[in-house]
Amino acid sequence: MLDPASILYVDNHVLVVEKPAGVLSQGDATGDLDLLTMAKAYVKVRFEKPGEVFLGLVHRLDRPVSGVMVFARTSKAASRLAAQFKTRAIGKRYVALVEGRCAGEGTQVDYLWKDHLRVRSVGPNHPKGMQSELSWKAVRQRDGMTVLDVQPKSGRPHQIRVQLAEMGHPIVGDFKYGARQPFDGRNLALHSYQLAFDHPTREERCVFAAPPPATWPAWARERIVDDLLA
């Protein structure tokens, strides 16, 4: 069952939750408990639903990443939310704690190729390279690390992780993509702190935010959402 504190919003059409780091978005071959299963159990109990509960998975966060996710409670909502993700009408903002001192702001463009379980940066003429773009802004620095506000413009697998590593600033704890500094075991210092979407049945823009978890250093997480959204 989901921790009630992780529920950010629920109505007849959507369920918005904060995913803990280390939890799968959807079940896989490991058989480990996943967020979708826990969310279905929550809806079943909360609304006293008999039988199987429908809950549409319209996007994912990597297992070691935390942050805001939305599930669809109806097939109509699932279709409309999925269309927004496809057309990039969804607003996604992340906060990343990276290695090294990084200042200013900018845009990073790379061509990414998913080679089995790893994503690689390739040249623009690579036949399988997909153009990937994100904007970033340095927010705080301390202890040889920098907090970055990151907004991906595309939605490639492992995009933020690979592109920040290509900048020379891998995410703390992301040994898969060149990090040297541990974080909290198997997780990464990457958090989806804001998600914005058009409500599937109302003409209303919905915006939800959540700060990084307590596993982050206090200096990197305190008032971070207020500062970033100010």
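Just above sits the structure.
Residues numbered from 1 in each chain as written. Predicted model: local features only at pLDDT ≥ 70, side-chain atom pairs only at ≥ 80, totals over all residues. Heavy atoms only, no water.

**Re the overall build of the protein**
A tally of helices and strands in the protein yields five helices and eleven strands. The globule rule puts the C-alpha radius of gyration for 230 residues at 17 Å, and the 18 Å found for the protein is close to it. Taken along its principal axes, the extent of the C-alpha atoms in the protein is 50 × 45 × 40 Å. Looking at the 230 residues of the protein, the share that counts as buried comes to 49%. (Helix = DSSP H or I, 4+ residues; strand = E, 2+ residues; numbered from the N terminus. Rg over C-alpha atoms; globule rule 2.2 N^0.38 Å. Buried < 20%, exposed > 50% of the residue type's maximum accessible area, 1.4 Å probe, protein only.)

**A word on the pattern of salt bridges**
Considering all chains together, one arrives at 13 salt bridges under this definition. The partner of D174 in a salt bridge is R161, and the shortest N-O contact between them spans 2.8 Å. Note that D174 is positioned in the loop between α3 (159-166) and β10 (190-198) and R161 in helix α3, a separation of 13 residues in sequence. Neither D174 nor R161 differs from the other in exposure class; each is buried. Taking the shortest distance from any N to any O, the salt bridge between D198 and R205 comes out at 3.1 Å. Among the residues examined, D198 registers a relative accessible area of 34% and is labelled partly exposed. For R205, a relative accessible area of 40% puts it in the partly exposed group. By sharing partners, the salt bridges in this structure join D11, R202 and E204 into a single network. (Salt bridge = Lys/Arg side-chain N within 4 Å of Asp/Glu carboxyl O.)

**Here's the deal with the packing of aromatic side chains**
Inspection of the entire model under this criterion finds three aromatic pairs. Through successive ring pairs, a cluster of aromatic residues spans Y9, F197 and F208. Across from the ring centre of F47, 4.2 Å away, lies the NZ or CZ of R73, which sits over that ring. (Phe/Tyr/Trp six-rings, centres within 6.5 Å; stacked < 30°, edge-to-face > 60°. Lys NZ or Arg CZ within 6 Å of the ring centre and 35° of its normal.)

**Some remarks on the nonpolar core**
Among the nonpolar cores identified, the biggest contains 47 residues, and L15, F71, L97, L164 and I171 are the most heavily contacted of them. Not counting residues within four places of it along the chain, the set of residues in contact with F71 comprises H13, V14, L15, V17, L35, L36, A39, L55, G56 and L57. The next biggest cluster of nonpolar side chains, apart from the first, holds 16 residues, and it includes V68, A72, L81 and F208. (Core = buried A, V, L, I, M, F, W, Y, C linked by side-chain atoms within 4.5 Å. Contact = heavy atoms within 4.5 Å.)

**So, the pairing of strand β2 (residues 14-19)**
Of all six residues in β2, six are buried; the element is thus mostly enclosed. Neither face of β2 is exposed, since V14, V16 and E18 on one face and L15, V17 and K19 on the opposite face are all buried. Taking the residues that link successive antiparallel strands as the turn, the strand β1 (residues 7-10)-β2 hairpin has three residues. Bridge count for β2 against strand β4 (residues 66-72) is six bridges, and the pairing is antiparallel. Counted as the bridge partner of K19 is G67 from β4. (Pairing = 2+ DSSP bridges.)

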